[in-house]
Amino acid sequence: MIETRELTKLFKDVRAVDGINLTVARGELVALLGPNGAGKSTTLRMLTTLIPPTSGSAQVAGFDVVRQQRDVRLRIGYIGQGNGAGHSQRGRDELISQGRAYGMTVRAARTRAAELIDSLGLSDVADRTVSTLSGGQRRRLDIAMGLIHAPELLFLDEPSTGLDPQNRANLQEHIVRLRAEHGTTIVLTTHYLDEADSMAERVIVIDHGRVIADDSPQQLKAKHVGDRVILGFAGSEEAARAAAAIGAQHEGGFIRLTAEDGPREAPKILASLPITPTSIEVTRPTLDDVFLTLTGRSLREDSSTPAAELVEA
Ligand SMILES: Nc1ncnc2c1ncn2[C@@H]1O[C@H](COP(=O)(O)OP(=O)(O)OP(=O)(O)O)[C@@H](O)[C@H]1O
Ligand SMILES: [Mg+2]
């Protein structure tokens with residue numbers, strides 16, 4: 001569904017996207033993960049034909065994003081990072097007009113709008129003017145707008161930013177269901193590590209406009225970090241004795257080990273020790289640990305999107 005070759009975007013001297021090669025197969029749910037300014041939105045905007053690449057190329061749904069913009073647009077849905085400018089129409093009417101713009105009949109657009117209003121929890125507010133909706137309500141309306149014509153390929157730029165936990169969960173469920181029922185290919189960006197981890201079968205980590213990792217969340221975590229097993233002992237001497245028995249190092253009263261499958265390996269480690277530890281902790285890595293290992297920086301430090309970013313379309 002998507003194939004890019006050395007896709008690059010320069011804004012004056014800023015290399016926003018610096019030679020990205022991506023392949024996304026039909027039906028995949030892929031998350032682009034990276035800190036503020038990594039180039040996620042710029043990548044999506046090139047793939048959705050909103051801005052032209054400086055160099056390189058991209059095919060989306062089989063069409064070239066520069067030479068066949070219209071063919072691309074008809075097949076995709078795009079929900080930008082900061083849609084939702086002030087609208088004077090009612091939410092439901094906005095949705096119906098959007099469906100009409102994609103060539104749906106009024107009747108089909110009405111039915112589809114009603115379904116989306118229901119499943120995105122907008123029933124109470126769909127008949128109010130859009131400008132009176134709260135940020136989270138408007139975000140959900142934006143999402144309904146992107147889904148109205150049931151596109152085969154959907155791009156979502158930070159779909160859940162600004163939503164409360166309940167609505168975030170509803171939205172995630174909706175996205176997963178959409179994929180299951182219609183086989184929609186979905187590419188989303190997110191700052192929520194747990195969201196990328198739980199929803200996406202493939203996570204593409206982007207930093208400074210480049211892809212620095214591309215794999216399933218499980219593989220990324222296993223390959224780059226691994227589980228940790230931390231054993232605590234009564235004192236440094238005990239830890240040293242235990243460490244010697246298993247050929248490990250100790251730091252004060254602790255031994256820190258890495259394991260491919262911590263919960264399974266911990267009992268075996270325990271059985272091979274000459275002394276029983278006073279504590280044992282098994283930790284599994286997060287995608288943030290992966291990012292930290294790859295870049296030396298944490299994604300969490302800048303995981304909040306500044307308000308100004310939300311108005312950038
Ligand atoms: N229209 C523009 N003009 C100039 N620079 C831009 C423009 N759009 C983006 N940039 C710059 O390109 C880089 C990548 O921006 P982009 O919006 O793609 O990042 P992002 O990964 O989506 O970040 P965020 O997580 O904050 O949304 C940033 O340095 C940004 O300042
Ligand atoms: Mg962005």
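Higher on the page you've got the structure.
Residues numbered from 1 in each chain as written. Chains lettered and ligands numbered in written order. Predicted model: local features only at pLDDT ≥ 70, side-chain atom pairs only at ≥ 80, totals over all residues. Heavy atoms only, no water.

### A closer look at the nonpolar core
Filter applied, for reference: Take the buried residues of types Ala, Val, Leu, Ile, Met, Phe, Trp, Tyr and Cys, join any two whose side-chain atoms come within 4.5 Å, and each joined set is a nonpolar core. Buried means the residue's accessible area, taken with a 1.4 Å probe over protein chains only, is under 20% of the maximum for its type, while exposed means over 50%, and partly exposed covers the values in between. Per the convention used, a helix needs a DSSP run of H or I reaching at least four residues, while a strand needs a run of E reaching at least two, with both numbered from the N terminus. The contact definition used throughout considers only heavy atoms, calling two residues in contact when any of these lie within 4.5 Å.
Membership of the largest hydrophobic core comes to 44 residues, with the highest contact counts inside it found for Leu95, Ile186, Val203 and Leu287. When residues in this core are grouped by element, the largest group, five residues, is from helix H5 (residues 135-147). Contact partners of valine 203, with chain neighbours within four places excluded, come to Ala31, Leu33, Ala196, Ala213, Asp214, Asp215, Pro217, Leu220 and Leu287. Ranked by size, the runner-up nonpolar core spans 27 residues in total, among them Leu32, Ile51, Ala58 and Ile204.

### Some remarks on the sheet that holds strand S8 (residues 153-157)
As a reminder of what qualifies: Pairing between two strands is assigned when DSSP locates at least 2 bridges connecting them. Note on geometry: axes are C-alpha line fits, over the in-contact stretch for helices, and angles between N-to-C directions span 0 to 180 degrees.
If you walk across this open sheet you meet the six strands as S7-S8-S9-S4-S10-S11, and the pairing is mixed. Unpaired on one side and paired on the other, strand S7 (76-79) and strand S11 (210-215) mark the two borders of the sheet. Averaged over all pairs of adjacent strands, the angle between their axes in this sheet comes to 15°, without regard to strand direction. Pairing geometry for S8 and strand S9 (residues 185-190), over five bridges, is parallel. Across the sheet, phenylalanine 155 pairs through a bridge with valine 187, a residue of S9. Against the sheet, helix H6 (residues 165-182) engages strand S4 (29-33), S8 and S9, with an angle of about 160° to S9. Contacting S4, strand S10 (202-207) and S11, helix H11 (residues 287-295) crosses the sheet at an angle of about 40° to S10.

### What about the pattern of salt bridges?
Filter applied, for reference: Salt bridge, as applied in this entry: a Lys or Arg side-chain nitrogen positioned within 4 Å of an Asp or Glu carboxyl oxygen.
Within the structure shown, the criterion is met by 22 salt bridges. Glutamate 152 serves as the salt-bridge partner of arginine 26, at 3.3 Å between the closest nitrogen and oxygen. Here arginine 26 is found in the loop between strand S3 (23-24) and S4, whereas its partner glutamate 152 is found in the loop between H5 and S8, with 126 residues between them in sequence. Its relative accessible area of 59% is what places arginine 26 among the exposed residues. Aspartate 71 is paired through a salt bridge with arginine 75; the nearest N and O atoms lie 4.0 Å apart. Here aspartate 71 and its partner arginine 75 are both found in helix H2 (residues 69-75), four residues apart, which amounts to about one turn of the helix. We classify arginine 75 as partly exposed; its relative accessible area is 27%.

### Examining the packing of aromatic side chains
What counts here: Stacked, tilted and edge-to-face are the three classes assigned to paired rings of Phe, Tyr and Trp, where Trp is represented by its six-membered ring and a pair needs centres within 6.5 Å; plane angles under 30 degrees give stacked, over 60 edge-to-face, the rest tilted. In this scheme, Lys NZ or Arg CZ marks a charge over a ring once it lies within 6 Å of the ring centre and within 35 degrees of the ring normal.
As enumerated under the stated definition, the model contains zero aromatic pairs in all. Positioned over the ring face of tyrosine 192 is arginine 168, at 3.7 Å from the centre of the ring.

### Describing the site of ligand 1
Note the following rule: Whether a residue is near a molecule or strand depends on its heavy atoms: if one lies within 4 Å, it is near. Two N or O atoms count as a polar contact when they lie within 3.5 Å, although within protein this holds only if one can serve as hydrogen donor and the other as acceptor, and sequence-adjacent residues are included solely when both atoms are side-chain atoms.
By nearness alone, 15 residues border ligand 1, and Asn36, Gly37, Lys40, Ser41 and Thr42 come closest of all. Measuring from an oxygen atom of ligand 1, one finds a backbone N or O atom of glycine 37 at 2.7 Å. Residue lysine 40 places a side-chain N or O atom 2.7 Å away from an oxygen atom belonging to ligand 1. Elements represented by at least two residues in the shell around ligand 1 include exactly strand S2 (14-20) and helix H1 (40-47).

### Some points on the sheet that holds strand S14 (residues 279-283)
Across the sheet, three strands lie side by side as S13-S12-S14; this open sheet has antiparallel pairing. On the outer flanks of this sheet lie strand S13 (254-259) and S14, each paired with one strand and no other. Within this sheet the neighbouring strands show an average axis-to-axis angle of 15°, counted without direction. Pairing of strand S12 (residues 227-232) with S14, which is carried by five bridges, proceeds in the antiparallel orientation. Its bridge partner lying in S14, isoleucine 230 is registered against glutamate 281. Packed on one face of the sheet, helix H10 (residues 262-271) meets S12, S13 and S14 and runs near 35° to S12.

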